[in-house]
Amino acid sequence: MATMHCCCRLLVLGIFVMSLVNLTYPLDNGASWFDPKSHSLREQEWFYGHEQIDPKLMQMRGIHLQVEARRMASKLRKLSNKEIGVTAMQGIYDSMPSIRKQANEEQKLNQIAKNLAVKFQHYLEVLSANKQRVESLYSFHLKQPISQKLDCCNISDSELRLVAEYHSKISNLMTCDLIPPSIQQHSFNPGRNLTAVFQRHIHDYPSIKWQYFISVDGIQNEFPAHNFQVVHGGCPSALDIRHRDVFLGTAQPQRKHVVIVVDQGNSLSPDQLKTAKGIARYILNSLSETDRVGIIGLANKAVYPRDDQCLSKQLVPLTFEAKFFFSSFVDSLSKQEFPTAHSLGLQRAFEMIMNSLAPLNSSTEGTPSNNYTVLTDEAMIVYISRGLLSTLTEAKDVMETIAIENGRVRHKVVINTYAVIGAGKTVMFEKSFLQNIADQNFEKYDVDRRYSGPVKKGQMLAINSLEDLSSTAGLFYKSFNRSSIDKPRFTLPYIDITGQDLVMSISQPCFHDNELLGIVGVDLHVGDVVQDVTYYNQEVSEYAFLINNEGYTIMHPSLSRPIHSTRQPMHTDIQHFENSQGFHAVRERILGEESGQARMLVSLDNITYPNGPPARGIPLHATYLWKKVPNTPYIACLKTVDEEAIHSELGNVQVASQKELVYHRLDLIPTEHNCMHLKQLGTLDTSTLFLSASAFADPFEHLSTPETKRMIQGYVAYLNDNTKLIRNPGLKSHVRNDVATVSKINHEWKRQFQSSTLNDYIVRRYISTPSGVFRMFPGGIVDKSYDATKREWYNRAMEFPGHVVLTAPYLDAFGAGYIVTISHTIYEGKPAAMHSSSDRVVAVMGIDFTMKYFYKLLVETMPLCKKGDVRCFVLDNQGYVIAHPRLVEPRGTGPVEQRHITHAEPLVANDILNHDQFVRKRLCNNYNYRTIQRYYYFNTSLSGILTNLVHGEHCSRYQITSIPGTNIFIGIVNQTCDMITAFCPCSVMDRLCLNCHRMEQSECECPCECPLQMDFCTGQLLDVDDRNPSCPRYPEPNKLVQVPTSMTSHLKQCMQSKCSEKKTKEECFGVRDCEWCELNKDGKEPLSSPHCTTQRVCFAGVLGARTPYGDQAKLLPMEDSPIAESSTPVGPVAGGIMGAFLVLALAVYCYRHHVHRSTHHYMTTAPDTQVRMSQLENEPDDLEPREEIGSGHTNIVLATFDHPSVSPYRVNPNYRRPPAGGESDHGYSTMTPQEDSEQASTTCVEPLISGQEKYKPGVSPTGKTHALPPPPQISSRRGRSPTPPQTRIPEQTCIQQQTVLPSTIPESSHVIANVTVHMVDTH
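Residues numbered from 1 in each chain as written. Predicted model: local features only at pLDDT ≥ 70, side-chain atom pairs only at ≥ 80, totals over all residues. Heavy atoms only, no water.

Student: What am I meant to see in the overall build of the chain here?
Tutor: When you go through the chain residue by residue, the secondary structure sums to 28 helices and 47 strands. Within the span of the chain, comprising 1323 residues, buried residues form 64% of the whole. For the chain, the exposed area adds up to about 49,000 Å²; of that, 53% sits on carbon and sulfur atoms. (Helix = DSSP H or I, 4+ residues; strand = E, 2+ residues; numbered from the N terminus. Buried < 20%, exposed > 50% of the residue type's maximum accessible area, 1.4 Å probe, protein only. Areas by Shrake-Rupley, 256 points an atom, 1.4 Å probe, with all protein chains shown as cover.)

Following this line, the structure appears as structure tokens:
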């Protein structure tokens, strides 16, 4: 009690101190929540609550911030108009001819459905031909065995070649076999005789990936041949993994109801328990989403994956999410110190079956003592046990239980038993007991039958090894004794284990005289199947999506393009992506009707936009159109939002000059003066044209086919042809006019490049259209998979049409270091040139500046920012810092990208959160990775100044206001003392919110995420309060195209920065590829001779520091000798600090100990994207050197977390940065990345969980298990609780070298970051 009392007093004190910060309210408290387009606050007014303040009293150090904001706005608008060429480009569009067209969405939808139908018809013909060939070969096999083998595992790499579409080495010259060890000598094996027909199909339909035949004996013929060395466990394990669920779902497509009971009692040895768990996993992997499954862990009591009314009571659809959840539960099972209660486990299994299969209105039949329950279908119990009994009478008790329970359901339950035995042990009695259970041999134990009908016997198999499970446990389905259905089966998309890309399977059984021979199947690239949906109209107001007849989403704008999907998607019902109220009724119509349309009222809060919403909270009408695709389970859908019936398109635009049309493949068709633009092959002769996949009629074919010189010449000839006599090489019809229009900006860009005074700070200029036309100056090669419409700069501009939009700093893929993009929309042409934000956007322009240039611009605007006690900053509408002293100070480690205001300026963040008219916390659901994202959204229409100048903290004051016509804000902080004022807790190790049970607007926390739990029984959200809009898709990565060094080694840089000629820091500051080098290699000691040099020599101001590209120069021994640091008395200071730290630690410990926080485990939320330097958490990161007061966070918060979890919406530290230009996606999400100043080095702070144990969930005494990575067990509203104020203590001084990847071969590490005690510093 004394401890509790102490904790409470500390918490009360903390809340009081934190309340001192929240002193201002400059906005009208009665105003409604803002709309970034329409709502604006009263100009030139300052408020504290409802009290108006005299503006003359509100100046800070002589600065009127609104005046400075207008000056900054003017400069940014000038950059936009002059350097990007926005006014020139808008004038070009206004002068272009246009035609008016009637919109016809129904015709578009019919075309999508028709294309899908034709495509699947071809695939079904391929499947039918393979089936006929197999059945024909079996007839010959009966006369003369066809059994020649070619083991896939014995194929050497020298016989294979790397093929891009497969992402692995294959041979299309042969078919190989995956062969079970126990196969009989003359088993049917038609592989050698199938090669020719497989080859013909690949030739006719290159989009087919794999073709295969799987026999009932377990032989798998695979084409193209592959040695499966990439499969976990090596090639032999591929037999038990590859296509097992496809085989079972095709051989017996009827729904299967299965309860798996795994013995974990004290009779099992570690090896036996491992075998039991392996059998359970294998059976789970053999079943599919059409099946219904339950699972029980059994010792003296039954335990379940989750203690709720679903998983402990019923069978659930075995979706991938459920399969992963169950598999993790199996992995978590450990040996218990109690004997196994066999009867209890079987009784619980029967209860789950009856709860799931007995109709709700079913009645019982028979006498009161012998009632029957009518089940709608048969079911199976899979009992995996050693079979050891604890008493002599237990066997009879078990049989009595089975007789009662199975008799009640009229013997509709089959029991399969698996005896896990140890090597060399005699287990005759145990095997006999388990055999009797499978046979339901009641007579042997003198047990009376409760139902007179026949018993359907199951199987008993003794298994002592996990090898060849396909020939043992894999035959469990035969006990159902069901016939196959001769019709194709379609799977949901899944990740191919060999190529790590997204595929879907179509399969069909093969017969001889009604006897099942096996199944044939083809695996299809999902990217090919859904391309008409993926690359449908890139406009904001409409999009297409594809679902199956059960409502599962196949493709939707919220999902990443298949080409960027490398992890298994979470199959999600369409109602979660289209979550407007009233959509449920529309969904029922879509699933039940062949075609149709429906109109409903929606809000922009519930609309998914391909390129980001233009506004929020506005009620609109959405129209849904749908049409079923014949002979498939798929439904094509189209959604439009208040679309005008008539819209304008460009007319016949004439190409001005052939010289202005240069395709980006400078390696194939070089210009007269090729050069190197940083790391990118480029040219200054002209801008270059890039056509993304969406510009082509067949995007998948374009992405899959290497471009050749002849193909490029065909593109250019067609696009240059004003006569329209040259054949279209496969482009969409409207692309030609877009190319001709945007090419007219080339002259303006070249002219501006020749005259601009900002060339040292500008990296590149570009423009993109929704049709996939992309033009860039200086010209350069772009990766084929690049799509500008999926980038953050494009999406942000679409969100703020007509505004000058800035992105947060990110790492340039082409070698410029950290950059910031300015982007701006271009409207459709109007002769009068009178445009508004409601006009249709036809293009987005952008320009990249070095990150430091914006701080330079800020300081030039407000020279006071150079003062030591003043900090100026710029942040975007999500709170990420664009310019701040900490971003430009020399540092030994750590990236600068995506730093959030809650971390950079906690004083400001704590105060502004009280003003919900200025900033709001928001939530969105990422269904693909099952997380709830918390992020901030700032009111860009703010016209007043937010401040605590009058009533705020006496020695730390701030002002912040919006920069008109942009998405950014400017702020200033004047700190004149070292008093601690505020802090914002940030979990930067795992990005899990500190408290997922609640969220308060006024409580400061970094953007974070919480697990999103689904009800496996209903497919709905487990917590109805978690109903939030769907998160937008992730911005896609960009990467550097690798060009042979023989082509680039002799080329000079296109633009010479001449770093060595910059003699002062001011001259060097912000110049492209230049750094003012002022710290020695340790990141702390000043250089005796600071100088300007390239980033390769001195990255982030530290001599010899590793660059994010891994291309740092090797240095000779330094001449600068270390400078001795002066020492000061530390005893009194250290004593005070230690005392404060103990108080802090006790408060945090008590708080965290007494506030319930469930253990969180959920799916690794890895976006399919390249990552930032901040994400290299799988290797030791550095800590920032100690900072001066006021330069950033300086307090430590000890935050312990149960397990690591990674945000998909923000960033995933499981991946390493790709070499030589792997780019971070600026504004990628709302998560705050791990920083050098935030995380404790593994050599400085011991991890809370070490080794692989941190991934192993345990079984709770109540049966609740925590399994990584399924969702956690949370039942209440998620949120963060208040955290006590902290006391200043010194930062750690342990510094490690920054981790950088080699610049040769990309890696795809998937290691989850260690959980460590980490730090959050404040001022």
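Student: When you look at the packing of helix 4 (residues 105–143) against helix 5 (residues 191–204) in this model, what are you seeing that I'm missing?
Tutor: Two numbers describe a pair of packed helices, the interaxial angle and the distance between the axes. As a packed pair, helix 4 and helix 5 sit with axes 11 Å apart at the nearest point and diverge in direction by 170°. By the criterion of interaxial angle, the relationship of helix 4 to helix 5 is roughly antiparallel. Each of Val126, Ala129, Asn130, Arg133, Val134 and Leu137 in helix 4 lies in contact with helix 5, whose residues at this interface are Asn193, Leu194, Val197, Phe198 and His201. (Axes fitted to C-alpha atoms, helices over the stretch in contact; angles between N-to-C directions. Parallel < 35°, antiparallel > 145°, perpendicular 65-115°, else oblique. Contact = heavy atoms within 4.5 Å.)

Student: Even after reading the chapter, I still don't get the state of the cysteines, so can you show me in this structure?
Tutor: Here a disulfide denotes a covalent bond joining the sulfur atom of one cysteine to the sulfur atom of another. Enumeration according to the criterion identifies 12 disulfides in this entry. The disulfide that involves Cys310 links it to Cys1017, with 2.1 Å between the sulfurs. Where Cys310 bonds to Cys1017 through sulfur, the torsion about that S-S bond is close to 105°, and the disulfide is right-handed. Here the residue Cys310 occupies a position in the loop between strand 11 (302–303) and strand 12 (316–317), and Cys1017 occupies one in the loop between strand 43 (1008–1011) and helix 26 (1045–1048), the gap between them amounting to 707 residues. (Disulfide = S-S within 2.5 Å.)

Student: I'm lost on the pattern of salt bridges in this one. Help?
Tutor: Side chains that differ in sign of charge can pair as their charged atoms come close. The full count for this structure, using the stated rule, is 47 salt bridges. The closest approach of N and O atoms between Asp486 and Lys131, which form a salt bridge, is 3.2 Å. One end of the pair, Asp486, is in the loop between strand 15 (460–463) and strand 16 (489–490); the other, Lys131, is in helix 4, and 355 residues separate them in sequence. The exposure class of Asp486 is partly exposed, given its relative accessible area of 44%. (Salt bridge = Lys/Arg side-chain N within 4 Å of Asp/Glu carboxyl O.)

Student: How should I be thinking about the sheet that holds strand 31 (residues 779–780) in this particular structure?
Tutor: In a beta sheet, neighbouring strands are held together by backbone hydrogen bonds and run either parallel or antiparallel to one another. Read across the sheet, three strands follow the order 26-27-31 without closing on themselves; strand pairing throughout is antiparallel. The open sheet has two edge strands, strand 26 (674–677) and strand 31, and neither has a second partner. Taken together, the two bridges between strand 27 (residues 680–683) and strand 31 define a ladder with antiparallel strand orientation. Paired with Thr683 across the strands is Gly779, a residue of strand 31. (Pairing = 2+ DSSP bridges.)

Student: What is the right way to look at the packing of aromatic side chains in this model?
Tutor: Ring pairs (aromatic) are described by centroid distance and by the angle formed between their planes. Going through the model one piece at a time under the given rule, you end up with 35 aromatic pairs. Ring geometry for Tyr166 against Trp210: centres 5.2 Å apart, planes inclined by 75°, an arrangement best described as edge-to-face. One end of the pair, Tyr166, is in the loop between strand 4 (161–163) and strand 5 (168–170); the other, Trp210, is in strand 7 (residues 208–215), and 44 residues separate them in sequence. By relative accessible area, Tyr166 is classed as buried at 7%. (Phe/Tyr/Trp six-rings, centres within 6.5 Å; stacked < 30°, edge-to-face > 60°.)

Student: What's the story with the nonpolar core in this structure? I'm lost.
Tutor: Of all hydrophobic cores here, the largest spans 128 residues; its most connected members are Ile260 and Ile384. The leading source of residues in this core is helix 4, at 12 residues. Among all residues touching Ile384, those that are not within four sequence positions of it are Ile260, Val261, Val262, Asp263, Ala276, Ile279, Ala280, Tyr418 and Val420. (Core = buried A, V, L, I, M, F, W, Y, C linked by side-chain atoms within 4.5 Å.)

Student: Would you take a moment to explain the packing of helix 10 (residues 342–357) against helix 11 (residues 394–408) for this structure?
Tutor: Viewed as axis vectors pointing N to C, helix 10 and helix 11 meet at an angle of 10°, and their least axial separation amounts to 9 Å. When the interaxial angle is binned, helix 10 and helix 11 end up roughly parallel. Taken together, the residues of helix 11 that come into contact with helix 10 (itself represented by His342, Ser343, Leu346, Gln347, Phe350 and Met354) are Glu394, Asp397, Val398, Thr401, Ile402, Glu405, Asn406 and Arg408. Residue composition of the contact of helix 10 with helix 11, by class: five nonpolar, five polar and four charged. (Nonpolar A, V, L, I, M, F, W, Y, C, P; charged D, E, K, R; others polar.)

Student: Would you take a moment to explain the sheet that holds strand 43 for this structure?
Tutor: Taken in spatial order, the three strands make up an open sheet running 38-39-43, and their pairing is antiparallel. Edge positions in the open sheet fall to strand 38 (919–926) and strand 43, since each of these has one partner strand only. Adjacent strand axes in the sheet meet at a mean angle of 30°, parallel and antiparallel pairs treated alike. With eight bridges connecting them, strand 38 and strand 39 (residues 931–938) associate as antiparallel partners. Paired with Val919 across the strands is Phe938, a residue of strand 39.

Student: Hey, could you run me through the pairing of strand 7 in this one?
Tutor: The side chains of a regular strand alternate between the sheet's two faces. Taking burial as the measure, the eight residues of strand 7 include eight buried ones, the bulk of the element. Where strand 7 lies against strand 19 (residues 515–525), seven bridges are found, and the strand directions are antiparallel. Paired with Ile208 across the bridge in strand 19 is Leu524. As paired strands, strand 7 and strand 8 (residues 220–223) are joined by four bridges and run antiparallel to one another. Note on strand 8: the bridge partner recorded for Tyr212 is Glu222. With antiparallel pairing between neighbouring strands as the criterion, strand 7 and strand 8 make up a hairpin whose turn holds four residues, including Gly218 at a positive phi of roughly 100°.

Student: For this particular structure, what's the right way to read helix 8 (residues 270–286)?
Tutor: For an α-helix, the turn length of 3.6 residues means that residues three or four places apart are oriented alike. Its 17 residues give helix 8 an end-to-end C-alpha distance of 25 Å, which sits within 8% of 24 Å, the value for a rise of 1.5 Å per residue. Helix 8 sits mainly inside the fold: 12 of its 17 residues count as buried. Where helix 8 is concerned, the buried positions are Gln272, Leu273, Thr275, Ala276, Lys277, Gly278, Ile279, Ala280, Tyr282, Ile283, Leu284 and Ser286. (Expected span 1.5 Å × (residues − 1).)

Student: How should the pairing of strand 9 (residues 257–263) be read in this particular structure?
Tutor: Across the seven residues that make up strand 9, a large majority, seven, are buried. The alternating pattern of strand 9 places His257, Val259, Val261 and Asp263 on one face and Val258, Ile260 and Val262 on the opposite face, and all of these are buried. Where strand 9 meets strand 10 (residues 292–298), seven bridges bridge the pair, whose relative direction is parallel. Note on strand 10: the bridge partner recorded for Val259 is Gly294. After leaving strand 9, the chain enters helix 8 and then returns to the sheet as strand 10, a path that is right-handed. (Right-handed = clockwise from strand over helix to strand, strands pointing away.)

Student: Please clarify how the confidence of the model for the chain should be interpreted in this entry.
Tutor: Any segment with low pLDDT has predicted coordinates that should not be analysed in fine detail. With 75% of its residues at a pLDDT of 70 or more, the chain shows a mean pLDDT of 79. Overall, residues 609–617 carries pLDDT values under 50, and its contacts beyond four positions in sequence, including any with other chains, amount to 37 contacts. Note on residues 1148–1323: pLDDT under 50 across the span, and 644 contacts to partners over four residues away in sequence or across chains. (pLDDT = per-residue confidence, 0-100.)

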